[in-house]
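Below are the chains, spelled out letter by letter.
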Amino acid sequence: AIGLTVGSIIGSGIFITPNQVLEETGSVGVSFFVWIGCGILAVGGALCFVELGTSIPNAGAAYAYIMRAFGGLPAFLFVWTSAFVTRPASRAIISLAFAEYITRPFYDSVNSTNSSQNASLELPSSAPIDDFDPELMPAPTWLIKLIAAICVCILCAVNTYSVKLMARVQDISMVVKLLAIVLLIITGLVYIGQGNDHNIKNFFEGTNVTAARLGSAFYGGLWAYDGWDTVFFGAEEVDNVARIFPRAIGLGMSIVIVAYILANIAYMSLLSADGILNTSVIAVDAVRPVLKSAGALYIMPLLVAVSTFGAANGGT
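To keep things clear, this report deals only with the structure shown in the data block. Keep in mind it's a predicted model, so treat the numbers as computed, not measured. (Residues numbered from 1 in each chain as written. Predicted model: local features only at pLDDT ≥ 70, side-chain atom pairs only at ≥ 80, totals over all residues. Heavy atoms only, no water.)

Before going further, it helps to spend a moment on the overall build of the protein chain. When its secondary structure is counted, the protein chain shows 11 helices and 0 strands. Shown N-terminal to C-terminal, the secondary structure of the protein chain runs as helices and strands in the order α-α-α-α-α-α-α-α-α-α-α. Looking at the protein chain residue by residue over its 316 residues, the buried ones come to 47%. Long-range contacts, defined as pairs at least 24 residues apart, comprise 80% of the intrachain contacts of the protein chain with a sequence gap of at least 6. Carbon and sulfur atoms form 67% of the exposed surface of the protein chain, whose accessible area is close to 14600 Å². (Helix = DSSP H or I, 4+ residues; strand = E, 2+ residues; numbered from the N terminus. Buried < 20%, exposed > 50% of the residue type's maximum accessible area, 1.4 Å probe, protein only. Contact = heavy atoms within 4.5 Å. Areas by Shrake-Rupley, 256 points an atom, 1.4 Å probe, with all protein chains shown as cover.)

Once that is clear, we can look at the packing of helix H3 (residues 28-55) against helix H9 (residues 241-270). The geometry of H3 relative to H9 is characterised by a closest axis approach of 10 Å and an angle of 170° between their N-to-C directions. On the basis of the axis angle, H3 is roughly antiparallel to H9. Its residues assigned to classes, the contact of H3 with H9 comprises 20 nonpolar, 5 polar and no charged. (Axes fitted to C-alpha atoms, helices over the stretch in contact; angles between N-to-C directions. Parallel < 35°, antiparallel > 145°, perpendicular 65-115°, else oblique. Nonpolar A, V, L, I, M, F, W, Y, C, P; charged D, E, K, R; others polar.)

The nonpolar side chains of a soluble globular protein tend to be buried with one another. Among the nonpolar cores identified, the biggest contains 76 residues, and Phe15, Tyr101, Leu184, Tyr225, Phe232 and Tyr260 are the most heavily contacted of them. Sort the elements by how many residues they give to this core and H9 lands first, with 13 residues. If sequence neighbours within four positions are ignored, Leu184 has contacts with Ala263, Ala266, Tyr267, Leu270, Ala286, Val287 and Met300. (Core = buried A, V, L, I, M, F, W, Y, C linked by side-chain atoms within 4.5 Å.)

This part covers a nonpolar patch on the surface. Residues Leu73, Phe76, Leu77, Trp80, Phe84 and Val85 make up a contiguous nonpolar surface patch of roughly 670 Å² in combined accessible area. As for its position among the elements, Phe84 is in helix H5 (residues 72-102). Residue Phe84 is classed as exposed on the basis of its relative accessible area of 58%. (Patch = residues over 30% accessible without salt bridge, like charges linked within 9 Å, V, L, I, M, F, W, Y side chains within 5 Å. Salt bridge = Lys/Arg side-chain N within 4 Å of Asp/Glu carboxyl O.)

Looking at the largest pocket, its volume works out to about 1300 Å³. Taken together, 47 residues form the lining of the largest pocket, with Arg87, Arg91, Asp226, Asp229 and Thr230 sitting closest to its centre. Looking at the lining of the largest pocket, the elements with two or more residues in it are helix H1 (2-9), helix H4 (62-70), H5, helix H7 (163-193), helix H8 (211-224) and helix H11 (282-314). In terms of residue count, the dominant contributor to the lining of the largest pocket is H5 (12 residues). In the lining of the largest pocket, the residues fall into 20 nonpolar, 21 polar and 6 charged. (1 Å grid on protein atoms, 1.4 Å probe; cavity = no way out; pocket = protein on both sides within 12 Å on 5 of 7 lines; lining within 4 Å. Points joined across faces, edges and corners; volume = space filled by probe spheres on them.)

Next up on the list: helix H2 (residues 18-25). The buried fraction of H2 is high, at 6 of 8 residues. Taken as a whole, H2 has its buried residues at Pro18, Asn19, Val21, Leu22, Glu24 and Thr25. Gly26 occupies a position one or two residues after H2 and carries a positive phi of about 90°.

The topology assignment puts Thr25 in helix H2. Apart from residues lying up to four places away in sequence, Thr25 is in contact with Val30, Ser31, Val34, Gly206, Thr207, Asn208, Val209 and Ala217.

Before going further, it helps to spend a moment on the packing of aromatic side chains. Tallied over the entire structure, the rule returns 12 aromatic pairs. Between Phe49 and Tyr65, the ring centres sit 5.3 Å apart and the planes meet at 80°, which makes this aromatic pair edge-to-face. With Phe49 in helix H3 and Tyr65 in helix H4, this residue pair connects regions lying 16 residues apart in the sequence. Just as Phe49 is buried, Tyr65 falls in that class too. Linked through ring pairs, Phe49, Tyr65, Trp228, Phe232 and Phe245 together constitute an aromatic cluster. (Phe/Tyr/Trp six-rings, centres within 6.5 Å; stacked < 30°, edge-to-face > 60°.)

Close approach of charged atoms allows side chains with opposite charge to pair. As enumerated under the stated definition, the model contains 1 salt bridge in all. Its salt-bridge partner being Arg104, residue Asp285 comes within 3.7 Å of it at the nearest N-O pair. Here the residue Asp285 occupies a position in helix H11, and Arg104 occupies one in the loop between H5 and helix H6 (141-161), the gap between them amounting to 181 residues. Taken as a pair, Asp285 and Arg104 share a single burial class, namely buried.

Further remarks concern the side chain of Ser95. Residue position: Ser95 is located in helix H5. Only 2.8 Å separates the side chain of Ser95 from the backbone oxygen of Arg91, close enough to count as a polar contact. Sequence-distant contacts of Ser95, defined by excluding residues within four places in its chain, comprise Ala148, Cys151, Val152 and Ala312. (Polar contact = N/O pair within 3.5 Å; in protein donor to acceptor, adjacent residues only side chain to side chain.)

Let us now look at unusual backbone geometry. Unusually for a residue other than glycine, Ala61 sits at a positive phi of about 55°. Structurally, Ala61 is set in the loop between H3 and H4. In this structure Ala61 comes out as buried when scored by relative accessible area, which is 0%.

Right, dumping it as structure tokens:
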């Protein structure tokens, strides 16, 4: 249950949303505390589900709780919205992230959401100039969308063909996503250990926070913590929910929060604020100062691509 919790949460969010959180807060300091606050809010929601899950040990998680509390119509509307709006939209975002990372060895990451005709590229300030290939252009939007659509089709085929195959994909992606997080954290700690702390010295420089911007930052951060309710969907298959659920949420959420905090420390130390904002594949450009071209162009993109593929698979 602990592995399911960790594997369901860590997927694509930590590799996508740090840009949004920093953009809305204006400084790495406020951004860092937003990530901590999002973790606390996610734990609060998860603990509420622990109470509901132990009191109403029915399969379906939120659907079962809404059914018990408000009746069939609200529960049906919740499932309908989830099936036709929220989950498809979430899978689309994750599939786009998969496409961004899988194309990284062939296209430059800076401003890759713009048209491929844009030849004015700004290299993240922490990236070594020697590793930058001016021939690499941003991946064209049509290619990103095409690969994302193919990803969705493959996932639909996998989940339709075999549940065992789907589970095998999920197991592999869980191991790979943990490797990606560990590699990122170790890279950041090594970089800091070499005395490269210039990106985090002015921790609160550039802070620009309003209620609306802070809310948007929390929205992005909380999306990265999404998935803590997965363990509750199989409540009827759990022998002792009173023992399993609190342990899964307590240990699982602790692991995720620590991993996210360390990952953000790595991002903030390896990349300047401008570097974080100007890249669409932050995990790749973050490791460039230490892993150089081979690690940045091939190892990290592959790890994150498999991780995002597994994240999309988990909710299909």
